[in-house]
Structures are given as structure tokens and as C-alpha cells.
Amino acid sequence: MNLSVLARSRVACWFAAAVLLSGTGAAAGESFVAFESGQVRPLALSGDGARLLATNTPDGRLEVFDVTESGLVHAGSVPVGLEPVAVAARSANEAWVVNHLSDSVSIVDLSGTPDSWHVTTTLAVGDEPRDIVLAGKNNGRAFVTTAHRGQNMPGTFDQHSEGGRADVWVFDADAAAAGLGGLVSIVNLFGDVPRPLAVDPTGGTVYAGILHSGNVTTLVGPGTVNGSGLPPFTDVDGAPAPETSLVVRFNGTDWLDAGGRVWTDQVRISLPDYDVFAIDANAAIPQVTERYSGVGTNLFNIAVNPASGLVYVSNTEALNHNRFEGHGNFGGSTLRGHFIENRITVISPTTQLVSPRHLNKHIDYSTLPGTAEENANSLATPVDMAISSDGLTLYVAAFGSAKVGIFETQALESDSFVPDDADHIELSGGGPSGVILDEAHDRLYVMTRFDNAVSVIDLEARAEAAHLSLYNPEPASLVAGRPFLYDARFSSSRGDSSCAGCHIFGDTDHLSWDLGNPDGSVAINPNPFKFEPPAEFRDFHPMKGAMGTQSLRGMDKHGPLHWRGDKTGGDDPGGSPFDEAAGFRKFNGAFVELLGRSAELSENEMQAFTEFAMQLTYPPNPVRALDNSLTATQAAGEDLYFNFPVTEDGTTCNSCHRITPALGLFGTGGESMVRFAGETGQPMKVPHLRNLYTKVGFLRQSLPGAPPGSPLPAIRGYGFTHDASVQSVTRVLRIFDAIETDEQRNALAEYLMATPSNVAPIVGQQATVGDGNPATGLSTAYLMTERADVRSPQPECDLVARGVVNGQPRGFLRVKGGKFKGDKSGERLYTLGNLVTWATEPGQAFTFTCVPPGSGYRMALDRNEDGVLDND
């Protein structure tokens, strides 16, 4: 069987297994919320090498395995926060776990018996932390990457202020573990959304990478393009395209579009493209000492060669400066089958040389479809890496290939390696997200996210020796559909790309792409309009121009899909524009037109992908206060939003951008409009507003060394509206003449950044109460009880408490009446005071966590939802 057939067989097996497991029924789906957080560093060996630590992301636990001569033996697990994505071992008995959705780090005591293992301290950090390393003298400091926002930020946070949107939180490890806080500093990086960390061989330098670091591309707006005298594009029938923006890329001297035309005079920003930052880990106040550019567009992980000190960065490079899907060549600029490249970039700290290495350089991109041999030799979505202690061998987990790639570091550095599947280790589970080397036993351990398991690799045989499943509370439909988002061997003929190339972990890459199709014709628009447009602006032209990548999150209940709503069930016989599942199935054509697959997915395969995608959910909005209140400015903006007429007929913002969380509406009712917010000549679906806070816009900053009079450096080349060409929300609001003052615009912008999301702000938040922990833990627990008791207009959260009582791990759920039900049947209900009293005993700290409504019973009382409480 060739490997492309093997890939198809693997997906078929995952699909069949999920169907067999579908007896878990609706209850499992109702009690699990799919946030689809990307794992960063899911595996670690304890300080003595005797244990393997693994983050069980869907189950919110740290799993612990004993490392034996014959393999791994599961020893126990410890509940931590929501969506744990990274773990570091500080010693043989202490683990630090990064909880992505909980905005926290759990410090776990693994001494004694498994029943006594528990979280001793919870550190509140910035929004959506992703990675952690221990560095500095004697590994005395913990470094954590977070987005520069969130309710745990010290001081006042201004979403629009000058500065970076990426932070590294630095803790004194001893003080933090003792419950004394221990925050040393927050290092701000001129980037947006940090992800990976790594430490040099001395422990004195920490490297931090930016997930959405960009690729020196931006936009020339439609007004500029239209006034340039260029003829408009046409479709296959000669119909002229509407005015659209152009993606341009800086070549070191000028800004060029895909046709090679120069637009330098029309670009008002510069993009330094800082990707990787070096931080002095030993300084009294850690600070950035070096920045590296040109590393990649989306950075996944970093590893440092222990022998040479060279830095390896796994990444993908987006080719969005090219354009068009479809079957034609279009002057050589088609993106079909070649819209991203998978790379390892080598950085030399001594020479400052940055050298990207294309992992799939064997592919002939001039022909389609790709060959079975190309598919077999490809690696897609390189994420975690491990390096041998002699620095000679690099192991790479290829998330989109169900493989671990093996590279001689010297061949990688010199770019003399030859891609060959003989240098790949096949895995029985898909989505390898973490890899760690156990040289004492000549083994690799690999986390496989698709099936939530750990593989044991015999390095001498270069083969999988064992595959150990972790408990997975996900509904079967999530497990069945996940491979269709990520598995490049199945979804592309060359084995190098998948939908996740742009929809990073089901979200977005924060870029704009021109995926117009010159082979296409104008299509009839069946969707309802808020205000009926002129006939010439109603239908869908195939040359739609540049548009920002949208998230796959939160599509349910929001009408036809994509910016224009052109993925719609309304053009099915008897179909409805408000059938989101039918709209999503219309993306099947992209597997051929963009990914270069030889055929679309089957009806059953696309339905499985649809069921998976429809469950993806937005996280809490980190701009809103934990008690769901608004600041005075946000409240003023809310009043304007709902009550202030912005047009002569009395239309308010909410008339179109409907916000009714109780009905599942977060900024749109699904209708379309034309000539709104700078749109020119194309129908646009009224978009939701939940992820506005993640968009930086053309946020600029004066940086040292910039030539006088030069354009100010920006973090990102993309802003707001459908094509991301508008620099800020306040600039968008200027189209409304009725909003006359900057004060009004600023208030509205502040409210828009605080738009409600699918879950309340308190969801995920944690506090540990117990011996040695500060009073802030208890005060946060009190706030959690208040929010858990809110049930109108809709529940905000379920409150779970976990701890050890009399040597036994226990779970409790806050129930109606303000008391806690335990995980043993027949027990009386307990008060918060009862739990706090237990927590004051040594070794019995309690951790309180607000979880999504409906998830509390599973997470506190009945883990496998079999009707038998966990301690029965």
C-alpha cells in the first residue's frame, strides 16, 4: 500500500471508529465545549527521568506515566486548568502546567502517592498562555508566553496603546511555588500572540517566538487601486470585477503586488517583521537583547542545539502575496496546491544569520496533482522538536502528517538534506503535537492529538512500540472530524497542506488572501438583505479580491458563511441561507481549487468535517471584566450601540449587528448589506464581532534606529473590515456622520472590543486556596461563587472545586442553593467554608475553576458520565 493510500485509510479508520463510539450520545456533546486549543509543549520528562508528564488537553488534566525498562505505565492524573497545552518539570516531583483557556499556570506537587498529588499554587497570567520554560541561574525562573491583554494584567490595559501585543511573564520559581506570587517582570515583545519558548545551553538566554508574526505583506486599499488606472479583473465571461484591495509584499526595497507592479508610494507603514526575540534570563529585570526577522509567518516551536547553540524554529510560510485559486495558471500566480511552505529555520546567534529550510523541496509545484511519491516524502505542519544531547539529530513532530521526521542537523543547516520517507517514523495516531527524547532508553515519546494518546517509539527499530490512549471526554463527532482540518496527506495530493495552513488550530492566520477565481462566473446571491441593494451590487463576482482569513469558530447560528455569505445553503433546492452546516459543506470545492486535491471529499467525509467545525467555539472575551461589568467608557459605548441612531431612518448599530447572547447572536443576524463600512460594490454578510479584540490593526510604534521621517513600524500589516485594509475600529466608525465626536467613536470602539462571547469572562478562571497561598486566592473564589450563582438571563459558569481530603482526591460542584455537592453519593452538601477549612490542612489545597455551563457535572463528579460518581 502506498502512503497516500495509507493516509486515506487512516482517516477512514478514524471516521469508522468515531461512528462506532457515537453511542456516547448528545450528553457527551452537551457537557464538552470545543475550544480546539493548539498544544505547544505537551510532554516533559521529570527531573530524574523517571516519569513522563503529558497534558491531557480535552480532559483538563496532567497525566503521569512511570518510565520503565519495558515502556510506559500510567501512574495517575491530576486535574489542572482548562485546555492545558504545555508542561515543564522543575524537579522529580514538581510540574508546571500552562492552561490556555484558564489564563493560568498550575504548580503540581507529585510527591507521595498518586492519591496525594494535587495543585499547590495557581498563577494567574495574561490572556491565553501557550508555553513555559525554566531558565536563569539554577533554572530559578519560569518564563510564560501570553497575549498582551486579559483581566489578570497588572495596572490599566489600553487595547489601542502603542507597544507590542506579546508578553513573556517571568516568575521567581521558588517564590511562586511557595504561594508568594513571585512575578519578577513582564517582558513586552513587538509582535502579536507569542507561542514558543526555548533556552540556550547556558540557561542564560530565553528565545521567544511569535505565532502570527506575519511575512512583510500588507494591503493597498480599493480606493488607491481603483485610482491607479489599472484595468479591472474580469471573470471567465468578461464581467468586470468590483473594486478590491491588493496584497503587496516588501522585497527589501519596494512594495510589489503579485504582478510585479510597484506600490511603494502608497504604503504608509513599515513592517520590521520581528519573529524571534532573545531575552536575558539572568538580568535583574529580564529584557530583550536581540530580535530576528525573516524566520517565518506562523511560528510553532523553538529548539536550541545543546552542542552548537544554533536555534531551530518550526514554522510555515504563507504565500499570500500570490493570488487566485482555480485550475488556470493566471500568469504563474495561482495558489492552487502551493499556498504555504513547511519549514525549519536555522538561526545563528553568533552571526545573526537566519536561514529558512523548506522541508518539502522535493515537490514539483509546476504540475498537479502531486504524485504518491511526493506525498510520501512530505512533512506538513512541523510543530514540536527534540534534539539529541550530542546535537547531531533533530526529531520533528509533523502535525499534519502522522509522522516524526528525522534530520541530521548538519544537513539541515547546510540545506543538503534530501526529503525521504525513509527518514520518517509512521505513527498509528494522527496529529503528533509533542515529541520528547528519552536517550537513557533509546526512545521517543510522541503525543498524538487526533486520538489523544502517547506513542512510544523504539529508535533502534525506528518504529512505534506502543500506543497508550488518554481518557478523552470529546464527543465522537469531534474525533471523527478533526483529521479533515489538519491531515495534509489526505486533504492535499502533495501531502504538504491542509485547511489548517490558514485556519491555524481552527482559528485564523491574521492575513488577507486574494482567492478569486478567474475561471468562475458571477453567481446569484440567494441571501436576505438588511436593505435591498441595487441589482448590480447583489450577486457574487468570482474575482472577490483580498479578504482576511476568518476563524472556523462560532459559525453556528450566524447564517451564511464567509465575508460575502457566498457559502450558503440558500442556493440548494429548498435550502435555507440560515443552514450553516449546508453553507460549510460548500467549502468542499476548496480541497481541489486551493489544496490541489484530485477530488473533493465524499459526502460522508464532508459531513464529518462539518459536524466537527460547527462545534468550534470562541473563548471568553479577555477585555470584559471577570464580573461581566463594563467600564464607564464601555458602558457609554454600549448605550450608543443599542440606542443611538446612526442613519436618518433610526437604524442603530444593533439593528444590523445584533447582539443577543441568549439567542446565540454575537453581532449579526446573518443578513447581508452593500456599501457599508468602506465596502465597495460587493454584497457582504453583516459580520459578528466576537474576535475584534484579537485584531491589532496598523498599530505603530517609534522604535530605536528608525530613520527620521520613515514610515512608523507596525506590528501587523492588516487591520479591520472584510479585507483588513482599515487601520482601526475608530477609522471604520468615521463612515457614520451621525457619530460626530472622537469621544463617541472611542466609546463605541471600547464597547466593540468588549463584545460578549459564547462563554462569560469568568469561564476558565482559577484560584487555589490553601496553606501558604495568599488571600487573593480566596477573594477570587468568592467572585467565582457569585458568578456561578448567576442564572439569568443565562448561566455564566459551573463552579468546580478539586482537592485532596484525608488522602483522597475529591471533586465538588456548586449547586442550587449555594452549596457544593461532592463526588460520593449519599453525602450531605457542603459550604464554601467547609471546603476552605479542609484546604487549610497541609497537603489539602483546593483549586476552584469556573467551567462552561453544563461541563461541571463531568469535570467535578462523574468524569466518564456513566452515572456512577467518581468516588463511588
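Rules used throughout
Residues numbered from 1 in each chain as written. Predicted model: local features only at pLDDT ≥ 70, side-chain atom pairs only at ≥ 80, totals over all residues. Heavy atoms only, no water. Patch = residues over 30% accessible without salt bridge, like charges linked within 9 Å, V, L, I, M, F, W, Y side chains within 5 Å. Areas by Shrake-Rupley, 256 points an atom, 1.4 Å probe, with all protein chains shown as cover. Salt bridge = Lys/Arg side-chain N within 4 Å of Asp/Glu carboxyl O. Lys, Arg positive; Asp, Glu negative; His and termini not counted. Charge placed at Lys NZ, Arg CZ, Asp CG, Glu CD. Helix = DSSP H or I, 4+ residues; strand = E, 2+ residues; numbered from the N terminus. Buried < 20%, exposed > 50% of the residue type's maximum accessible area, 1.4 Å probe, protein only. Phe/Tyr/Trp six-rings, centres within 6.5 Å; stacked < 30°, edge-to-face > 60°. Lys NZ or Arg CZ within 6 Å of the ring centre and 35° of its normal. Contact = heavy atoms within 4.5 Å. Polar contact = N/O pair within 3.5 Å; in protein donor to acceptor, adjacent residues only side chain to side chain. Pairing = 2+ DSSP bridges. Axes fitted to C-alpha atoms, helices over the stretch in contact; angles between N-to-C directions. Expected span 1.5 Å × (residues − 1). Core = buried A, V, L, I, M, F, W, Y, C linked by side-chain atoms within 4.5 Å. pLDDT = per-residue confidence, 0-100.

1. Quick look at a negative patch on the surface
(1) Moving on: Taken together, Asp390, Glu439, Asp442, Asp458 and Glu460 make up a surface patch of like negative charges.
(2) Moving on: If you trace the backbone, glutamate 460 turns up in the loop between strand S30 (453-458) and strand S31 (463-469).
(3) Moving on: Residue glutamate 460 is classed as exposed on the basis of its relative accessible area, which comes to 71%.

2. Structural notes on the packing of aromatic side chains
(1) Moving on: Within this structure, the stated rule accounts for 27 aromatic pairs.
(2) Moving on: Residues phenylalanine 812 and phenylalanine 846 carry aromatic rings whose centres are separated by 5.9 Å and whose planes lie at 40° to one another, so their mutual orientation is tilted. Of this pair, phenylalanine 812 sits in strand S40 (residues 808-815) while phenylalanine 846 sits in strand S42 (residues 846-851); the two residues are 34 residues apart in sequence, bridging distant segments of the chain.
(3) Moving on: Cluster of aromatic residues (ring-pair linked, three or more members): Phe484, Phe490, Phe584, Phe587, Phe591 and Phe609.
(4) Moving on: Over the face of the ring belonging to phenylalanine 417 we find lysine 361, whose NZ or CZ atom lies 4.0 Å from the ring centre.
(5) Moving on: Note that arginine 597 overlies the ring of phenylalanine 490, its terminal NZ or CZ placed 4.6 Å from the centroid.

3. Looking at the environment of serine 521
(1) Moving on: Tracing the sequence through the fold places serine 521 in the loop between strand S32 (512-514) and strand S33 (546-548).
(2) Moving on: Since its relative accessible area comes to 37%, serine 521 is described here as partly exposed.
(3) Moving on: In this view, serine 521 contacts Asp235, Val236, Asp237, Phe540 and Pro542; residues no more than four positions away in its chain are not counted.
(4) Moving on: Within the structure, serine 521 has its side chain in polar contact with the side chain of aspartate 237 (distance 2.7 Å).

4. Quick look at the pairing of S42
If a strand is regular, its side chains alternate between the two faces of the sheet.
(1) Moving on: Of all six residues making up S42, six are buried, and the element is well covered by its neighbours.
(2) Moving on: Going residue by residue along S42, you find Phe846, Phe848 and Cys850 tucked away on one face and Thr847, Thr849 and Val851 tucked away on the opposite face as well.
(3) Moving on: Two elements, strand S38 (residues 766-769) and S42, share four bridges in a ladder whose sense is antiparallel. Paired with glutamine 766 across the strands is threonine 849, a residue of S42.
(4) Moving on: Here strand S39 (residues 798-805) runs beside S42; their pairing, made up of five bridges, is antiparallel. Across the sheet, the residue bridging to valine 800 is threonine 849, located in S42.

5. With respect to the sheet that holds strand S13 (residues 194-199)
(1) Moving on: Spatial ordering of the open sheet is given by S13-S14-S18-S19, a layout of four strands whose pairing is antiparallel. Each of the sheet's edge strands pairs with one partner strand only, and the pair in question is S13 and strand S19 (288-293). Direction aside, neighbouring strands of the sheet carry axes that sit 20° apart on average.

6. Some thoughts on helix H17 (residues 775-788)
(1) Moving on: Given a rise of 1.5 Å per residue, 14 residues ought to cover 20 Å, and the 20 Å separating the end C-alpha atoms of H17 matches this to within 8%.
(2) Moving on: Among all positions of H17, only Gly777, Ala781, Leu783, Met784, Thr785, Arg787 and Ala788 are buried.
(3) Moving on: On its buried face, H17 is in contact with S38, S39, S40, helix H18 (832-839) and S42.

7. Looking at the nonpolar core
(1) Moving on: Membership of the largest hydrophobic core comes to 58 residues, with the highest contact counts inside it found for Phe339, Leu444, Leu485, Trp513, Phe584 and Phe609.
(2) Moving on: Of all elements in the fold, only strand S24 (382-387), strand S25 (393-398), strand S26 (403-408), strand S28 (432-438), strand S29 (443-448), helix H8 (483-486) and helix H12 (603-613) reach the threshold of two or more residues within this core.
(3) Moving on: Excluding its chain neighbours within four sequence positions, the residues that come into contact with phenylalanine 609 are Gly481, Phe484, Leu485, Cys499, Phe584 and Phe591.
(4) Moving on: Counting residues in each nonpolar core, the second largest holds 36 residues, with Leu626, Val763, Met784 and Ala788 among its members.

8. A look at the pattern of salt bridges
(1) Moving on: Using the criterion set out here, one finds 32 salt bridges in the structure.
(2) Moving on: The closest approach of N and O atoms between arginine 41 and aspartate 131, which form a salt bridge, is 2.9 Å. Pair noted here: arginine 41 is in the loop between helix H2 (25-30) and strand S1 (43-45) and aspartate 131 is in the loop between strand S8 (118-124) and strand S9 (132-135), with a separation of 90 residues, a long-range link.
(3) Moving on: Looking at arginine 41, the relative accessible area reads 17%, which means it is buried.

9. Description of the sheet that holds strand S21 (residues 311-318)
(1) Moving on: The strand order S20-S21-S22-S23 describes an open sheet built from four strands, whose pairing is antiparallel. Lying at the two open borders of the sheet, with one neighbouring strand each, are strand S20 (298-304) and strand S23 (354-358). Neighbouring strand axes in the sheet, compared pairwise and without regard to direction, differ in orientation by 25° on average.
(2) Moving on: Two elements, S20 and S21, share six bridges in a ladder whose sense is antiparallel. Across the sheet, valine 304 pairs through a bridge with valine 311, a residue of S21.

10. Some remarks on the side chain of aspartate 862
(1) Moving on: Counting through the fold element by element, aspartate 862 comes out in the segment after helix H19 (856-861).
(2) Moving on: We note that aspartate 862 is buried and unpaired, the nearest opposite charge coming from arginine 863 at a distance of 9.2 Å.
(3) Moving on: Within the local environment of aspartate 862, its side chain forms a polar contact with the backbone nitrogen of glycine 867, the two atoms lying 2.8 Å apart.
(4) Moving on: For aspartate 862, the contacting residues outside a window of four places in its chain are Tyr857, Gly867, Val868, Leu869 and Asp870.

11. Considerations on the confidence of the model for the protein
(1) Moving on: The predicted model of the protein has a mean per-residue pLDDT of 92, with 93% of residues at 70 or higher.
(2) Moving on: The low-confidence segment residues 1-9, where pLDDT is below 50, has 16 contacts with residues more than four positions distant or belonging to other chains.
(3) Moving on: Confidence drops under pLDDT 50 across residues 12-29; counting only partners more than four residues distant or on other chains, this segment forms 20 contacts.

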